[in-house]
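Each chain is listed here by its residues.
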Amino acid sequence: MDSIPVRLDDVDHRILAELTRDGRQSVTTVAQNVHVSRAHAYSRINRLQDEGVITRYMAVVDPVKAGLRSSAYVTLKLRQHSWRELRERLAALPEVHHIGLVGGNFDVILLVRAKDNVDLRRVVFENIQSMPGVLDTQTFLIFEDVDTR
């Protein structure tokens, strides 16, 4: 997944900070908070979308209130050259909320959210560990989530 950095200035960074804080605010509100005209904010936001800096807008959901009472980071060790195929399979699991290819003692880290520990066990043992190319997993239960965004 190669990506070329986009040149961003202070206005771009302030717009991104505003939209990260509240992606539902109007362009007019963003413009007022960033101290630029509405037309300027609108063109900047469109450019940031066109260049792939802003990839999507989404709601941040409290997992416990949404019925996902069990969360864990699951690390995976993979068979060499299995990443591309596994990435697609892992992304297809609705319980997998984040996938990171990393360096270190394991190859991949997942954020997995499930209804309860029984459901979490099912996802890890039946879905993830059974995938071809997965050599080993380790599960770290999350006792408390703090979203810093």
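Coordinates for the structure precede this section.
Values in this document were obtained by computation on a predicted structure and should not be read as measured data.

(A) Structural context of the sheet that holds strand β3 (residues 108-114). Across the sheet, which stays open at both edges, the four strands sit in the order β2-β3-β1-β4 with antiparallel pairing between neighbours. Two strands close off the open sheet at either side, each with one partner strand: β2 (96-101) and β4 (134-142). On average, each strand axis in the sheet is tilted by 20° relative to the strand beside it, whichever way the strands run. Bridging between strand β1 (residues 70-78) and β3 involves seven bridges; their strand directions are antiparallel. The residue bridging Val74 from the neighbouring strand is Leu110, located in β3. Packed onto the sheet, helix α4 (residues 83-91) meets β1, β2, β3 and β4 and runs at close to 165° relative to β2.

(B) Region of interest: the packing of helix α2 (residues 27-34) against helix α3 (residues 38-50). Relative orientation of the contacting elements α2 and α3 amounts to 105°, with a least axis distance of 8 Å. With respect to each other, α2 and α3 are oriented roughly perpendicular. Counting all contacts with α2, which are made through Val27, Thr28, Val30 and Ala31, the residues of α3 involved are Arg38, Ala41, Tyr42 and Ile45. For the contact of α2 with α3, the residue count by class is six nonpolar, one polar and one charged.

(C) Focus on the nonpolar core. Counting residues in each nonpolar core, the largest one holds 19 residues, and the members touching the most others are Leu76, Leu90, Leu110, Val112 and Ile128. Contributions of two or more residues to this core are made by β1, α4, β3 and α5 (117-128). Beyond its immediate stretch of four places on either side in the chain, Val112 contacts Ser70, Ser71, Ala72, Val74, Glu95, Val96, Leu120, Val123 and Ile128.

(D) Focus on the pairing of β3. Of all seven residues that make up β3, six are buried, and the element is covered over most of its length. Where β2 lies against β3, five bridges are found, and the strand directions are antiparallel. Bridge assignment links Val96 to a residue of β3, and that residue is Val112.

(E) Representation of the pattern of salt bridges within the structure. Following the criterion strictly, the structure yields eleven salt bridges and no others. The salt bridge partner of Asp12 is Arg47, with a shortest N-O separation of 2.6 Å. In this pair, Asp12 sits in helix α1 (residues 10-21) while Arg47 sits in helix α3, placing the two residues 35 residues apart along the sequence. On the basis of relative accessibility, which here comes to 1%, the residue Asp12 falls in the buried class. Notably, a salt bridge pairs Arg89 with Glu85, separated by 3.3 Å at the nearest N-O pair. Residue Arg89 and its partner Glu85 are located together in helix α4, separated by four residues, close to a single helical turn. Overall, the relative accessible area of 39% leaves Arg89 in the partly exposed class.

Basis of the calculations
- Residues numbered from 1 in each chain as written.
- Predicted model: local features only at pLDDT ≥ 70, side-chain atom pairs only at ≥ 80, totals over all residues.
- Heavy atoms only, no water.
- Pairing = 2+ DSSP bridges.
- Helix = DSSP H or I, 4+ residues; strand = E, 2+ residues; numbered from the N terminus.
- Axes fitted to C-alpha atoms, helices over the stretch in contact; angles between N-to-C directions.
- Contact = heavy atoms within 4.5 Å.
- Parallel < 35°, antiparallel > 145°, perpendicular 65-115°, else oblique.
- Nonpolar A, V, L, I, M, F, W, Y, C, P; charged D, E, K, R; others polar.
- Core = buried A, V, L, I, M, F, W, Y, C linked by side-chain atoms within 4.5 Å.
- Buried < 20%, exposed > 50% of the residue type's maximum accessible area, 1.4 Å probe, protein only.
- Salt bridge = Lys/Arg side-chain N within 4 Å of Asp/Glu carboxyl O.

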